[in-house]
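# Survey of secondary and tertiary structure
Letter by letter, the chains look like this.
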Amino acid sequence: MLQDLPAELLLEIISLLSFRDTLMLGTTCKAVYSTVAGVPKNFHRHWVLQYLKLIPKNIKIGTIQQEADKDVDWMQAMREVVSLFKRLAKCPPPGCGLQKYLRWLQHRPADCDIVRRVLVGVSMLPTSFREMTEIVNKDESKICFTERSKIILNWLFPKEKNYRIKIERLLEVDKLVDPFFNFNKFQVLMEYVMDSNERLRLVMAEYHQISCRGLFEDVGFLSWTRPSSILVEIESGSSDENFTKHGRQIGALLDLIKLNNQSPGIRFWA
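Owing to the predicted nature of the structure, the values given are computational and were not obtained by experimental measurement. (Residues numbered from 1 in each chain as written. Predicted model: local features only at pLDDT ≥ 70, side-chain atom pairs only at ≥ 80, totals over all residues. Heavy atoms only, no water.)

Next up on the list: the overall build of the chain. Tallying secondary structure elements over the chain gives 13 helices and 3 strands in all. Considering the chain as a whole, with its 270 residues, one finds that 46% of them fall into the buried category. A sequence separation of at least 24 residues applies to 71% of the contacts in the chain between residues at least 6 apart. Looking at the chain as shown, the accessible area adds up to about 14100 Å², and 53% of this sits on carbon and sulfur atoms. (Helix = DSSP H or I, 4+ residues; strand = E, 2+ residues; numbered from the N terminus. Buried < 20%, exposed > 50% of the residue type's maximum accessible area, 1.4 Å probe, protein only. Contact = heavy atoms within 4.5 Å. Areas by Shrake-Rupley, 256 points an atom, 1.4 Å probe, with all protein chains shown as cover.)

Written as structure tokens, this is what we have:
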């Protein structure tokens, strides 16, 4: 039956399926397998994004923004992502009963959903805190997070949505984070944290320093503002100075940026 369908109709059916379901469909007959094997490049990108939970499962292929990193072989990227998470699963779990910022991860494997989410999200951070900000309504004396940063941070810290609901603030319509995903940056960060367990532990500890304190800086990423002078203070201060002067949440976010950059001189305290 399926083998009698036109290739165009088979592609339309496949565009509604997940990667796993598509593979299962491809085992039904040679005609379907051939169609699956020859799907367009954007299908594989869509499946990678679905697998990483960057887009909802119910979004049809072709309805999301096309890739910015067009040089990526997305079929190979899908294989690489699966392989990376299999390797991550074999790493020592980052949870630790002795470190208060890692206790929440006790008894969870290294490839659990939250660790996956954090690594994907951190890989999307820019190379500096300055790049995450912009001036507020043409007022050069104040800065806020850019639209891109708000989308990434709200995806990385989903608790923000729950906190905003609890304090009865209006929620903005959720925006997809997939345009900001760069497979090469993600792959580099994955290799970096799997090379040393202290790196994975620090990523998760810094993440929890932000998450466990509720809304970012008591107002959340959407409403956060600071005097623009903070940028020079951050760039001229040490990690310890920034933690002391600007608080644990900003200090931890700065360290996540450094970890994503694989910067030298990172203090591995977790």
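What follows continues from the structure just given.
Pairing of strand S1 (residues 133–136) with strand S2 (residues 139–145) involves 4 bridges; the strand directions are antiparallel. Following the sheet pairing, Ile135 is matched in S2 by Ile143. Hairpin connection from S1 to S2: 2 residues lie between these consecutive antiparallel strands, with Asn137 at a positive phi of about 45°. (Pairing = 2+ DSSP bridges.)

With that settled, consider the packing of aromatic side chains. Applying the stated criterion across every chain, the model contains 16 aromatic pairs. A connected cluster of aromatic rings, assembled from ring pairs, spans Trp104, Phe129, Phe145, Phe157, Tyr207, Phe216, Phe221 and Trp224. The residue whose ring lies beneath Arg45 is Trp74, and the NZ or CZ to ring-centre distance is 5.9 Å. Over the ring of Phe85 we find Arg116, and its NZ or CZ is 4.1 Å from the ring centre. (Phe/Tyr/Trp six-rings, centres within 6.5 Å; stacked < 30°, edge-to-face > 60°. Lys NZ or Arg CZ within 6 Å of the ring centre and 35° of its normal.)

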